[in-house]
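Summary of the model geometry
Each chain, letter by letter, is given below.
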Amino acid sequence: MTASWYRRHTRLVWRRTPQQVLDELRLLRATELLHDPSVPCWAVGPAIGIEDEAYLARWFKRQTGQTMTALRRGLALAGGRKVQLENPTGTSNSTD
């Protein structure tokens, strides 16, 4: 498979670019990790393939509209209930 084949089929199947699919998967995993209070925020980046902490902070805020700490604080206030995340791509992500 060539890169152009992959891009074309990703758009056909998921109606998103490969980067959007990757970002959504990373965001899903990041929010799963943030549900576990024993996982420090700095450990989330390497687990989702983002090594630079500053870039991780900017990326997460761009994806969700809030910081990782604010999300975690919101989870604590919600008592573990589902929290709806804002997503600039037009899709919504809910966390457990």
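In this report, the structure presented in the accompanying data block is examined. It should be emphasised that the depicted structure is a prediction, and the values quoted were computed from it without experimental measurement. The numbering scheme is per chain: residues are counted from 1 as the chain's sequence reads. For this predicted model, a pLDDT threshold of at least 70 governs which residues receive local features, and a threshold of 80 or more governs which side-chain atom pairs are given and counted, while totals over whole chains, interfaces and linings are taken from all residues. The side-chain numbers reported here are obtained from all heavy atoms of the structure, hydrogens and water having been left aside.

Some words on the overall build of the protein chain
Worth spelling out the cut-off: A helix here means a DSSP run of H or I that spans at least four residues, while a strand means a run of E at least two residues long, and both kinds are numbered starting from the N terminus. Throughout, exposure labels follow a simple rule: accessible area from a 1.4 Å probe, protein chains only, divided by the maximum for the residue type, with under 20% read as buried, over 50% as exposed, and the rest as partly exposed. In this analysis, two residues are considered to be in contact whenever any of their non-hydrogen atoms come within 4.5 Å of each other. Values of accessible area rely on a 1.4 Å probe in the Shrake-Rupley scheme; residue burial ignores everything except the protein chains shown.
Looking only at helices and strands, one finds five helices and two strands in the protein chain. The order of helices and strands in the protein chain, counted from the N terminus, is α-α-α-α-α-β-β. The burial tally for the protein chain puts 32% of its 96 residues in the buried class. Here the analysis covers contacts within the protein chain between residues at least 6 apart in sequence; of these, 39% occur between residues at least 24 apart. Carbon and sulfur atoms make up 56% of the accessible area of the protein chain, which totals about 6,300 Å².

A few points about the environment of V44
Mapped onto the secondary structure, V44 falls in helix 3 (residues 41–48). V44 gets classed as buried once you look at its relative accessible area, which sits at 0%. In this structure the C-alpha to C-alpha distance between V44 and M68, which are 24 residues apart in sequence, comes to 9.5 Å. Setting aside residues no more than four positions away along its own chain, V44 makes contact with A30, L33, L34, V39, L56 and M68.

As for the side chain of D23
What counts, and what does not: The charge count treats Lys and Arg as positive and Asp and Glu as negative. His and the chain ends do not count. We count a salt bridge whenever a side-chain nitrogen from Lys or Arg sits within 4 Å of a carboxyl oxygen from Asp or Glu. Here a polar contact is recorded for every N or O atom pair within 3.5 Å, except that within protein the pair must consist of a potential hydrogen donor and a potential acceptor, and residues adjacent in sequence are included only if both atoms are side-chain atoms.
Within the fold, D23 resides in helix 2 (residues 18–34). Of the side chains with opposite charge, R26 lies nearest to the buried D23, which makes no salt bridge, at 4.5 Å. Separated by 3.2 Å, the side chains of D23 and W59 make a polar contact. In contact with D23, not counting residues within four places along its chain, are W59 and Q63.

Digging into the nonpolar core
Considering soluble globular proteins, one finds that nonpolar side chains tend to be buried as a cluster. The condition that has to hold: Among buried residues, those of type Ala, Val, Leu, Ile, Met, Phe, Trp, Tyr and Cys that are joined through side-chain atoms within 4.5 Å constitute a nonpolar core.
Counting residues in each nonpolar core, the largest one holds 14 residues, and the members touching the most others are L34, V44, I48, L56, W59, F60 and M68. Secondary-structure elements contributing two or more residues to this core are helix 2, helix 3, helix 4 (53–64) and helix 5 (68–78). With four residues, the single largest contributor to this core is helix 2. The contacts of M68, once residues within four sequence positions are left out, are L34, C41, V44, L56 and F60.

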